[in-house]
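The chain contents come next:
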Amino acid sequence: MSEVDVRGFRAESLDHRNQRNQRLFQLMFGLMTVVLIVPVVIIISLLVVRGGPALSWEFFTAYPAANMTAGGIFPALVGTLWLVAVALAVSLPLGVAAAIYLSEYAPDNLLTRLINLAIINLAGVPSIVHALFGLGAFVLFFEFGTSILAASLTLAIMTLPVVIVSTRETLQAVPQSFRVACWSLGATRWQTIRKVVLPNSLSGILTGIILEVSRTVGETAPIMFTGAVFFLPFLPQGVMDQTMAMSLHLYNVATQVTGVPESLPYGVALSLIGMVILLNSVSIAFRIHLRRIKKW
Amino acid sequence: MADQPSRNRLEDKLDAAWVWDRVAKYAIFLGGISAIVFVLAIFLFIAREGLGFALFDLDVGYFFSSPNWRPTAEPEPQFGALALIAGTASVTGLAMLVAVPFALGSAIYIGEFATGKTRETLKVLVELLAATPSVVWGFIGLTILNPLIIEVFDVPVGLTVLNAGVILGLMAAPIMATIAEDALKAVPDTYREAAEAMGATRWQVIRQVVLPSAKNGLVAAVLLGVGRGFGETMAVLMASGHSVNLPTSPFDSVRALTATIASELGETAQGSDHYRVLFTLGILLFLVTFVINLLADVLVRRGDKKQA
Amino acid sequence: MVSGKSSIKLNIEGLKISYGDHVALKGASLEVRENEIFGIIGPAGAGKTSFLRAINRMDEMTPGMKVEGKLEFNGKDVSEWRNLYALRSRIGVVFPLPVGLPMSIYENVAFAAKLRGVKGRDDLDEVVERCLTRAALWDEVKDRLDSLGSLLSGGQQQRLTIARALSQEPELLLLDEFSIAVDPVTTMRIEEVLKTLRKEMTIVLVTNLVQQARRLADRTALFLAGEVVEVGKTKKLFSGEAQDQRTTDYIEGRFG
């Protein structure tokens, strides 16, 4: 009788302590998450407060003036669009092809392992090394000079893993039974991919593309020596021209120019992060929407 | 029903569909190996400019042991990278001190404690955090953290190891958190259910079941964070003070390997020793990140095998 | 052409199917005759599904699956087909769990026809209506052909997949335990459909229901642990005249 009591008592005490631990740790990890996120909220608010006044219609449509200490960001904005568009034109077909290979064709062998390793590495190589590569390969070896083409190719290779990984995930989410059903109807592998796998992954692929665009918009180091320049009084006319870019412009007005009114670099930073957050929000909203309309 | 006219049987001929299937297969294969081609090309092209210098013209012993980085000194430039390596190491080290506990902590919270809407919201916020461009982080270090450090610690300069370390930590944490949460998610729910059925609390389940099974993935997450910090360029360039220096305290300014390339490459003549030594630094960066990624990959693979 | 020879649809000798170290079928030999319903019964793991997969060369798409031995379709070994998509388009398959492709009911049925180059809307309309009617689904879906095929009920989806298989105008129809996810009423309706199809095509019916084989099959084979125990006229097997005691035991439900 007494033994039972003792056991019951112990169990209760242990249980109590466990419950306390449980709450303690949950609180601790929750706080850590908050600590991680709060600075960002503060920083974005600061950017808005200090950069907000600089934003105006003119800020987005005017050229920089007075040695970059006044005026707007129009050529940088347009230049970033150029860079993104050309980079996307290269990385999209390549990335989607690579994802299709990995999801639909690749056998479980050494080559596939190497490809996966290469993707991880491509994503992990420092951006400045990509810059060195872009300079050595596109600017000098292929003689594209410092141009949108050279810079965009560098960006495309750097952000390729983003497209590959997100597209591969989307393709792999298409149930295998659809493929088998399609094959048994006499469809070739390619017909199956084109008519069943891809149409059902389009929105997922789009989500990945938006993410890639947001990465491309913010990259600075890879374009510093390959095509983006300090200042241009005109817009680029083709892919062999140099260009200004938002990210490099922020670096320049923040560090390379003196006598800049405080609100100007904050305005540029706010515009840049605004673009990125907007793109990411669209991508996230899209993803949530997708989960809702899922067909299987 | 042999007379039924609509029966057009396909014969065993290599028709258009067959040919297109073949064409697509080879085209897609080319896309598939593009990542390998690019990684090789990156190494080849930076080696082309920098390997010859590293092997024949550079005093490698001096390179790794001297803090004297005077690439433009006359008549004899000095290529000692120790201070740059120390700069990178100190900033990355501090960043990891800041980021690892918070990244793992929030991964555990988001992956194991948080549910429903809270969880989704936190994941989105972490994702946005990871998406912030490094040049914006650098700008924040320069304009917000810099005066803050000067004021709080009463030091003359705020662009220091501390500044760059905190900025880099904030940058690396969301990435580590995301990868770490993936590792936690990879632990099968059956493990959790089995432990919970035995009356374990959530925390006991996490500590005794989830964390041990996800160990490899978590270490990989930290490694990838280190790789990220090691290779970060713009933020470190803008926030670390950019002076060649062997740091002795977090309040010293330093210069990182990546930042050195970024700031000096524009001013070198192509083919000069200075130009080539910057590519040598690039080789060093490439190799170190390669090894880190390889290690992370091996770890994740081992973790997967254990669970399978 | 010798008529006796042409009446053999599938001629199989020493067919061995393996996945790595695991052998699913150890040297099966049998023949399937033109315009018969050939039933295959046997417990799970007997190698029935692997057998069907080998016929339309699904081993090409299945990592690790290996097929050896003779497997002749219309007198020509399937491994000799260079364009295996052409081969597959002549063989219809119905899976245990119905797979409505994530497209409209109309597109599901028109899919195979489009692959073969049928383009005109009228021609496609005709194919869709004919096949859905034959699969006893037309009346239920004719007003919503544009809705998703994957949203139909299980029984409807299974009839949709049969309609889809019929749209290939197959000369050989492979059915793999089609009634597993289907209610008894639908099962009966599909069985009626199959009886009428016998005139036009050869049907291989793998079934987990012994009585289904009895109702439908002209001849039946018992597969057991990767071996073909016995092939014979269904009537004979079910009237206690089986050669092998295991066949009688299985049919009478003593194991399986």
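Residues numbered from 1 in each chain as written. Chains lettered and ligands numbered in written order. Predicted model: local features only at pLDDT ≥ 70, side-chain atom pairs only at ≥ 80, totals over all residues. Heavy atoms only, no water.

Let us now look at the sheet that holds strand 2 (residues 22-33) of chain C. Residue and element names in this part refer to chain C. If you trace the four strands from one edge of the open sheet to the other, you get 2-1-4-5, paired in antiparallel fashion. Each edge of the open sheet is held by one strand with a lone partner, namely strand 2 and strand 5 (76-77). By the bridge criterion, two bridges tie strand 4 (residues 65-73) to strand 5 in an arrangement that is antiparallel. If you follow Phe73 over to strand 5, its bridge partner there is Lys76. Those strands touched by helix 2 (residues 48-55) are strand 1 (8-19), strand 2 and strand 4, and its axis lies near 115° from that of strand 1. (Pairing = 2+ DSSP bridges. Helix = DSSP H or I, 4+ residues; strand = E, 2+ residues; numbered from the N terminus. Contact = heavy atoms within 4.5 Å. Axes fitted to C-alpha atoms, helices over the stretch in contact; angles between N-to-C directions.)

Next up on the list: the sheet that holds strand 10 (residues 227-233) of chain C. All names here are of chain C. The strand order across the open sheet built from six strands is 6-7-8-3-9-10, with neighbouring strands paired in mixed fashion. Each end of this open sheet is capped by a strand with a single partner; those strands are strand 6 (91-94) and strand 10. Each neighbouring strand pair of the sheet contributes to a mean axis angle of 15°, computed without reference to strand direction. Inspection of the sheet shows strand 3 (residues 37-41) paired to strand 8 (residues 202-206) by four bridges, in the parallel sense. Looking across to strand 8, one finds that Phe38 is bridged to Val204.

The next subject is the environment of A:Val260. Residues and elements named next belong to chain A. By secondary structure assignment, the location of Val260 is in the loop between helix 11 (246-256) and helix 12 (263-293). Put simply, Val260 and Trp82 are 178 residues apart on the chain and 27 Å apart in space, counted from C-alpha to C-alpha. Not counting residues up to four positions away in its chain, the partners in contact with Val260 are Thr69, Val253 and Pro265.

Excluding glycine, residues mostly carry a negative phi; peptide bonds, for their part, are mostly trans. Cis geometry marks the peptide bond from B:Glu74 to B:Pro75; its omega dihedral reads -5°. Tracing the backbone shows B:Pro75 in the loop between strand 1 (69-70) and strand 2 (78-79). Residue C:Asn74 is not a glycine yet carries a positive backbone phi of 55°. Relative to the helices and strands, C:Asn74 is located in the loop between strand 4 and strand 5. Exposure remark for C:Asn74: the relative accessible area of 37% places this residue in the partly exposed category. (Buried < 20%, exposed > 50% of the residue type's maximum accessible area, 1.4 Å probe, protein only.)

Time to look at helix 8 (residues 189-197) of chain A. Listing the buried residues of helix 8 of chain A in full gives A:Arg189, A:Gln191, A:Thr192, A:Ile193, A:Val196 and A:Val197. Elements that come into contact with the buried residues of helix 8 of chain A comprise helix 3 (74-105), helix 6 (148-172) and helix 7 (176-184) of chain A, helix 1 (16-32) of chain B together with helix 3 (84-89) and helix 4 (105-115) of chain C.

A separate point is the interface of chain C and chain A. Facing the 22 residues of chain C at the interface are 18 residues of chain A. In this assembly, chain C packs against chain A so that about 1,800 Å² is buried in total across both faces, 74% of it on carbon and sulfur atoms. The interface formed by chain C and chain A contains zero salt bridges. Here chain C and chain A share one residue pair in polar contact (both at pLDDT 80 or more) between them. Looking at the side of chain C that touches chain A, the elements that each hand over two or more residues are helix 3, strand 6 and helix 4 of chain C. Its residues assigned to classes, the side of chain C that touches chain A shows 14 nonpolar, five polar and three charged. (Buried area = accessible area lost by both parts, 1.4 Å probe. Salt bridge = Lys/Arg side-chain N within 4 Å of Asp/Glu carboxyl O. Polar contact = N/O pair within 3.5 Å; in protein donor to acceptor, adjacent residues only side chain to side chain. Nonpolar A, V, L, I, M, F, W, Y, C, P; charged D, E, K, R; others polar.)

Our focus in this paragraph is a nonpolar patch on the surface. A cluster of nonpolar side chains, namely B:Leu148, B:Val152, B:Phe153 and B:Phe251, defines an oily patch on the protein surface of about 380 Å² accessible area. For B:Phe153, the location among the structural elements is in helix 6 (residues 134-153). (Patch = residues over 30% accessible without salt bridge, like charges linked within 9 Å, V, L, I, M, F, W, Y side chains within 5 Å. Areas by Shrake-Rupley, 256 points an atom, 1.4 Å probe, with all protein chains shown as cover.)

All names here are of chain A. Domains assigned within chain A are domain 1 (2-53) and domain 2 (57-293). One C-alpha centre belongs to domain 1, the other to domain 2; they are set 38 Å apart. Summing the contributions of domain 1 and of domain 2, the shared interface buries around 630 Å²; its carbon and sulfur component is 79%. At the boundary of domain 1 and domain 2, one finds zero salt bridges. Summed over the shared surface of domain 1 and domain 2, the result is one residue pair in polar contact (both at pLDDT 80 or more). A class-by-class count of the residues in the side of domain 1 that touches domain 2 yields three nonpolar, two polar and one charged. (Domains from an automatic or database assignment.)

All names here are of chain C. Counted by the stated rule, this structure contains 39 salt bridges over all chains. For Glu191, the salt bridge is made with Arg215, and the minimal N-O distance between the two is 2.7 Å. Here Glu191 is found in helix 8 (residues 184-197), whereas its partner Arg215 is found in helix 9 (residues 210-216), with 24 residues between them in sequence. Residue class for Arg215 comes out partly exposed when judged on its relative accessible area of 37%.

With that settled, consider the pairing of strand 2 of chain C. One face of the sheet, then the other: side chains in a regular strand alternate in exactly this way. Residue and element names in this part refer to chain C. In this structure, strand 1 lies alongside strand 2, joined through nine bridges in antiparallel fashion. When the bridges of strand 2 are listed, Ile17 appears paired with Leu25. Between strand 1 and strand 2, which pair antiparallel one after the other, the connecting turn spans two residues, and Gly20 there sits at a positive phi close to 60°.

For the coordinates displayed, the defined rule picks out 26 aromatic pairs over all chains. An angle of 15° between the planes, with centres 3.8 Å apart, marks the rings of A:Phe25 and B:Trp203 as stacked. Residue A:Phe25 is found in helix 1 (residues 2-51), and its partner B:Trp203 is found in helix 9 (residues 202-213); the two belong to separate chains. For B:Trp203, a relative accessible area of 7% puts it in the buried group. A ring pair is formed by A:Phe138 and A:Phe142, whose centres lie 6.2 Å apart and whose planes are at 25°; its orientation type is stacked. (Phe/Tyr/Trp six-rings, centres within 6.5 Å; stacked < 30°, edge-to-face > 60°.)

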